[in-house]
Every structure is written in structure tokens, then in C-alpha cells.
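One-letter residues, chain by chain:
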Amino acid sequence: MFDFLKTDWFKLVLALSILGGIVGLLYYAQWSATIEEAQFKAQREANPTASNIAFTNYELKEVDDANNVRWILNAKTGTLIKDSKDVNLSGISMKFLDGDAVKMMISAPVGRANTETRRVELCSGPGQRVIAEGEAGKSRMDMEKLELEKKNQFKATGGVNIAMGVAKVTGNYATGRFGKKDLEDLKIIGNTHAIIASQ
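Residues numbered from 1 in each chain as written. Predicted model: local features only at pLDDT ≥ 70, side-chain atom pairs only at ≥ 80, totals over all residues. Heavy atoms only, no water.

Trainee: Please explain the pattern of salt bridges as it appears in this structure.
Mentor: Proximity of charged atoms lets side chains of opposite charge pair with each other. Evaluation of the coordinates by the stated rule reveals 14 salt bridges. The partner of Glu147 in a salt bridge is Arg119, and the shortest N-O contact between them spans 2.7 Å. Of this pair, Glu147 sits in strand β8 (residues 145-148) while Arg119 sits in the loop between β4 (101-114) and β5 (120-123); the two residues are 28 residues apart in sequence, bridging distant segments of the chain. Of the charged contacts in the structure, one is a salt bridge between Asp142 and Arg129, with a shortest N-O distance of 2.7 Å. Placement of the pair is Asp142 in strand β7 (residues 139-143) and Arg129 in the loop between β5 and β6 (130-134), with a sequence separation of 13 residues. Assessed through its relative accessible area of 12%, Asp142 is described here as buried. Taken together, the shared-partner salt bridges in this structure form one network comprising Arg119, Glu121, Lys145, Glu147 and Glu149. (Salt bridge = Lys/Arg side-chain N within 4 Å of Asp/Glu carboxyl O. Helix = DSSP H or I, 4+ residues; strand = E, 2+ residues; numbered from the N terminus. Buried < 20%, exposed > 50% of the residue type's maximum accessible area, 1.4 Å probe, protein only.)

Trainee: Just to check I follow, could you spell out the packing of aromatic side chains for this structure?
Mentor: In this description, an aromatic ring pair is defined by two values, namely the gap between the centres and the angle between the planes. A complete count under the given rule lists 4 aromatic pairs for this structure. Centroid distance Tyr28 to Trp31: 5.8 Å. Interplanar angle 40°. Geometry classified as tilted. Taken together, the positions of Tyr28 and Trp31, both in helix α1 (residues 8-46) and 3 residues apart, correspond to about one turn of that helix. Residue class for Trp31 comes out partly exposed when judged on its relative accessible area of 46%. Between Phe96 and Phe178 the ring centres are 4.6 Å apart and the planes differ by 45°, which places this aromatic pair in the tilted class. A residue pair is termed long-range when its members are at least 10 positions apart, and Phe96 in strand β3 (residues 86-98) and Phe178 in strand β10 (residues 167-178) qualify at 82 residues. Here the two residues Phe96 and Phe178 agree in accessibility, since each one is buried. A connected cluster of aromatic rings, assembled from ring pairs, spans Phe96, Phe154 and Phe178. Just above the ring of Tyr173 sits the side chain of Lys155; from NZ or CZ to the centre is 5.3 Å. (Phe/Tyr/Trp six-rings, centres within 6.5 Å; stacked < 30°, edge-to-face > 60°. Lys NZ or Arg CZ within 6 Å of the ring centre and 35° of its normal.)

Trainee: Would you mind going over the environment of Gln43 with me for this structure?
Mentor: Inspection of the secondary structure puts Gln43 in helix α1. C-alpha of Gln43 to C-alpha of Ala136: the two residues are 93 residues apart in sequence and 59 Å apart in space.

What follows is the structure, given as C-alpha cells:
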């Protein structure tokens, strides 16, 4: 009665039916996923998440390996850029520290900071340049743009003017480091001019 179940034709038809069922299920899964993806994309476009997050009185710090604060950045406003670690800043002031003592102060109208890498880029605005001043007025540097990297290293560009004691130097750009006492490893490059006043 069930002898046809043992025939090779039945086994072939059964194997092809199983294979057809698996292929059909895979096709249905792909089709369902495509529909779900299109619905999610349409819903996301209809209800977007916030593009940027704004702060007032923003603060960012960098610490060294011994957990000592290297610098503190304060800004009147900050805007976290969507899908990045960058924050656009305005009304910026920075303090470079040696323990509790402030060794260098920087002010800038606008800038950008990366919350992960601690890379800071300060820029001038209309009528206001980026200004860095050492403790007790020992040194002063003003420029169009100041880029700060790890370990207090900097690159100043856009017509750099530096006054240290009786010497005044200008140049296209400068590199160096904000040290514990003052500007260290300072290099001024391009169209440099120096004035040394006698006391």
C-alpha cells in the first residue's frame, strides 16, 4: 500500500520539496526584512532625533597619568555635534595648571573641542584674537587660531605675536608647549621679526 514511499521518484520529489520550502522561507525572510527596513527608515525620517545638543556653562578638563589636572576649559555655550565627539564652543577661557597654581590663561571667542581626544581648536572672531597670557604677565601670545594637542603642545597660526619679558617676536605660525613655568620648546616660523627693548 505504501510501497510508493520507497521509490526513488518519491524520494526525489520529497528532497526537491524540502529544498523548495527552504528557498521559499529564505526569500520570504529577505522580503520581510526589506519591508521592515523601509518602514523603520520612513519612521526615522518622520521623527528625527535631535541633531545637536546645546549646553550653557560647558566645562572640559584634561588630566595626566597621575590624575593631576593639566587644563580646564570653560565656555559660555557649547553644542555637541550629532554623531561625533566634537563640541562647538563660544566665550572660551582656559586655565593651564601646575598643581593648584594657574600658569597660563587663554581666551577665545569661538572654538571646538573633542571630548574623547581632548584636542582643542580655538579661533578668533571679529575684532577679537585668541590670547594666551602667562602668570604675572611674563609672557603674552595672540594669534588667529590656536590648536592644542595632548601634553599641552600647541600650534598657533594666523599672524602670531609673542611678548616675553623685553622681547617681542612676530611670525606666521608658532609651535611649542605650555610648560610649568611658561612657553617651552617655542619655535616661531615664517616672516619672523624680533624687537628687544632695553631696560
